[in-house]
Amino acid sequence: MKSRLNCYFDPKLADQLTTFALRQGVHRSQLVEAAVTSFLSPDALDRREAAFVRRLDRLSRQMERIERDLTIAIEVQALFVRFWLSASPPIQAAQQDAAKAQGTSRYQGFIETLGRRLQRGDSLVREISREITPEHHGRAGTSAGTSDDADECLAPTDADMAGKEGVHGGL
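Note that the coordinates shown come from a computational prediction; the quantities given were computed from them, not determined experimentally.

A. Here's a closer look at the overall build of the chain. The helix and strand tally for the chain stands at seven helices and zero strands. Looking at the chain alone, contacts between residues at least 24 apart form 59% of all its contacts between residues at least 6 apart. Total accessible area on the chain stands at roughly 13500 Å², and carbon and sulfur atoms take up 59% of it.

B. Looking closely at the packing of aromatic side chains. Counted by the stated rule, this structure contains two aromatic pairs. Relative to phenylalanine 110, the ring of phenylalanine 83 lies with its centre 5.9 Å away and its plane at 85 degrees, an arrangement referred to as edge-to-face. With a gap of 27 residues between them, phenylalanine 83 in helix H3 (residues 42-86) and phenylalanine 110 in helix H4 (residues 96-120) connect regions that are remote in the sequence. On the accessibility criterion, phenylalanine 110 (10% relative accessible area) is buried.

C. Main features of the packing of helix H2 (residues 28-40) against H3. For the pair H2 and H3, interaxial distance at closest approach is 5 Å and the crossing angle is 75 degrees. What the angle tells us is that H2 and H3 run roughly perpendicular. Each of Ser38, Phe39 and Leu40 in H2 lies in contact with H3, whose residues at this interface are Pro42, Ala44, Arg47 and Arg48. Considering only residue class, the contact of H2 with H3 consists of four nonpolar, one polar and two charged.

D. Spotlight on a nonpolar patch on the surface. Judged by side-chain polarity, Phe80, Val81, Trp84 and Leu85 come together as a nonpolar surface patch covering roughly 440 Å² of accessible area. Within the secondary structure, phenylalanine 80 sits in helix H3.

E. Examining the confidence of the model for the chain more closely. In the predicted model, the chain carries a mean pLDDT of 77, and 77% of its residues have values of at least 70. When pLDDT is averaged over each element of the chain, helix H1 (residues 11-24) comes out on top at 94 and helix H7 (residues 155-162) at the bottom at 39.

F. Layout of the environment of threonine 113. Tracing the backbone through its elements, the reader meets threonine 113 in helix H4. Assessed through its relative accessible area of 0%, threonine 113 is described here as buried. Separated by 37 residues in the primary sequence, threonine 113 and valine 76 have C-alpha atoms spaced 9.9 Å apart.

G. Layout of a positive patch on the surface. A cluster of basic residues, Arg54, Arg55, Arg58, Arg61 and Arg65, forms a positive patch on the protein surface. Turning to its location among the elements, arginine 55 is positioned in helix H3.

H. Region of the structure containing the pattern of salt bridges. What the rule picks out here adds up to three salt bridges. Here aspartate 69 and arginine 68 are joined by a salt bridge, their closest N and O atoms 2.8 Å apart.

I. Layout of the environment of valine 26. Summarising the element assignment, valine 26 is placed in the loop between H1 and H2. Other than its neighbours up to four places away in sequence, valine 26 contacts Ala21 and Leu31.

About the thresholds
- Every chain is numbered on its own, with residues counted from 1 as its sequence reads.
- Confidence filtering applies because this is a predicted model: local features only for residues at pLDDT of at least 70, side-chain atom pairs given and counted only at 80 or more, and all residues used for totals across whole chains, interfaces and linings.
- Working from all heavy atoms in the structure, the side-chain values ignore hydrogens and water.
- Working definition: helices are DSSP H or I runs of at least four residues, strands are E runs of at least two. Numbering for both runs from the N terminus.
- Whether two residues are in contact is decided by their heavy atoms: any pair within 4.5 Å suffices.
- Every accessible area reported is derived by Shrake-Rupley at a probe size of 1.4 Å, with residue values counting cover from the shown protein chains alone.
- A pair of Phe, Tyr and Trp rings is counted when the ring centres sit within 6.5 Å of each other, with Trp represented by its six-membered ring. The angle between the planes then sorts it: under 30 degrees is stacked, over 60 is edge-to-face, the rest tilted.
- For every residue, the accessible area obtained with a 1.4 Å probe (protein chains only) is divided by the maximum for its type, and the residue is called buried under 20%, exposed over 50%, and partly exposed between those limits.
- Where helices are involved, their axes are fitted lines through C-alpha atoms of the stretch in contact, as for all axes, and angles between N-to-C directions lie from 0 to 180°.
- Roughly parallel here means an angle under 35 degrees, roughly antiparallel means over 145, roughly perpendicular means 65 to 115, and every remaining angle is called oblique.
- Throughout this entry, Asp, Glu, Lys and Arg are counted as charged residues, while Ala, Val, Leu, Ile, Met, Phe, Trp, Tyr, Cys and Pro are counted as nonpolar. The remaining residues, Gly among them, count as polar.
- Residues enter patches when their relative accessible area tops 30% and they take part in no salt bridge; the joining distance is 9 Å for like charges and 5 Å for the nonpolar side chains Val, Leu, Ile, Met, Phe, Trp and Tyr.
- We count a salt bridge whenever a side-chain nitrogen from Lys or Arg sits within 4 Å of a carboxyl oxygen from Asp or Glu.
- One number per residue, pLDDT, summarises how confident the predictor is, and it ranges from 0 to 100.
- By the counting scheme adopted, Arg and Lys are positive, Glu and Asp are negative, and His together with the chain ends is not counted.
- Here the site of a charge means atom NZ of a Lys, CZ of an Arg, CG of an Asp or CD of a Glu.

Here is the structure:
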């Protein structure tokens, strides 16, 4: 035998319950009993925890994508500033067309360099860290393929883009 309980609901919630019960073809008391049973069941906590884990996983993936995109944006800006500072002399009006053509060529080289840096996993943060504490990175045993001077691998391309041999050696 079932026990009788009197419950009080907000009028809007009571209307929603009535509407849903009519659509499902069941009594309101059956819906309330099912909801309370679900809420009190030991599985309810597991379902809520699983939902939180799924949400946290989704948020973690989103944060990883944002971090990756931010790293790319920082690298783009760092390379742009480096190339611009080393290769932007004042241009006379008579040389504007030639400068535009050279700018197009430099931009293509910039994109290629950026792609290589990102493929190798180079980052401005790591490069600065190596420059600030070279003794720490020297003891860490960097391999021959990952030189402490990240620009050594880029020097020929960078020099060609800047129009000067070895222009990035000190940057």
